[in-house]
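# Topology and contacts: notes
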Amino acid sequence: MLKLEDTYLHKGKRRALVQEIKSKGIKSERVLEAINTLPRHFFFDSALISHAYEDKAFPIGEGQTISQPYTVAFQTELLDIKPGDKVLEIGTGSGYQACILHLLGAEVYTIEYQKKLFEKTQKFLARLGIQMNLFYGDGTGGLPQQAPFDKIIVTAGAPIVPEALIQQLKIGGILVIPVGDRRRQAMVKITKKSKSEIHREEFEGFAFVPLLGKDGWK
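Conventions used here
- Residues numbered from 1 in each chain as written.
- Predicted model: local features only at pLDDT ≥ 70, side-chain atom pairs only at ≥ 80, totals over all residues.
- Heavy atoms only, no water.
- Axes fitted to C-alpha atoms, helices over the stretch in contact; angles between N-to-C directions.
- Helix = DSSP H or I, 4+ residues; strand = E, 2+ residues; numbered from the N terminus.
- Parallel < 35°, antiparallel > 145°, perpendicular 65-115°, else oblique.
- Left-handed = near helix turned anticlockwise from the far one by under 90°.
- Contact = heavy atoms within 4.5 Å.
- Nonpolar A, V, L, I, M, F, W, Y, C, P; charged D, E, K, R; others polar.
- Pairing = 2+ DSSP bridges.

How two helices pack is summed up by the angle between their axes together with the distance between the axes. Two elements in contact, helix α1 (residues 8-23) and helix α2 (residues 29-37), have axes separated by 9 Å at closest approach and are oriented at 150°. It follows that α1 is roughly antiparallel to α2 by the angle criterion. Where α1 crosses over α2, the handedness of that crossing is right-handed. Facing Arg14, Arg15, Leu17, Val18, Ile21 and Lys22 of α1, the residues of α2 in contact are Glu29, Leu32, Ile35, Asn36 and Thr37. Residues that form the contact of α1 with α2 fall into these classes: five nonpolar, two polar and four charged.

Here you go:
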């Protein structure tokens, strides 16, 4: 079992990573501080641990990846998390993004499509002593029984914006989701102005693993 040690070397590499993503345009000091606080190497298999502080995505098994730190920071910055926000994450993966949201004071609900990954991450987060609400299933339908949410984040590339997610967002809430084809996506930020009105912004140039499920890729 991997020892959860955070050395001076790791902390130094993390500070350098924070400077790198700051130089790429991330401005939120709270987001940068969360990335500086959370040991990303804890989320890596021992064979890849030396790469933990590179600004790149890496495989975590079951065809999934741990997202590039810049992308995690970009999505999190768009969400504008306030302490106490009720946040739904579609695609738990390694749990790294969910832990960043948790550090920012969010009440996190997260759902994972891959059973093995769900079980692995559930055990790992228990080891870290981090409390959040983990679910196994098809995230494209959201979590209607827990709705509405202040914020919703999708961490896999979708062909469309699932209508269920917009429905489960509070008025004034924000949904951040990568939308495009299987290879490239634009990051879409949707702000729900009223029951019938949404404001949509798009930011080009992202690449995620495909979102699987009823309203995702088959």
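After that view of the structure, there is still more to cover.
Time to look at the pairing of strand β9 (residues 198-206). In the sheet, strand β8 (residues 185-192) pairs with β9 via seven bridges, with the strands oriented antiparallel. Bridge pairing links lysine 192 to isoleucine 198 in β9. Counting the residues in the hairpin turn of β8 and β9 gives five residues.

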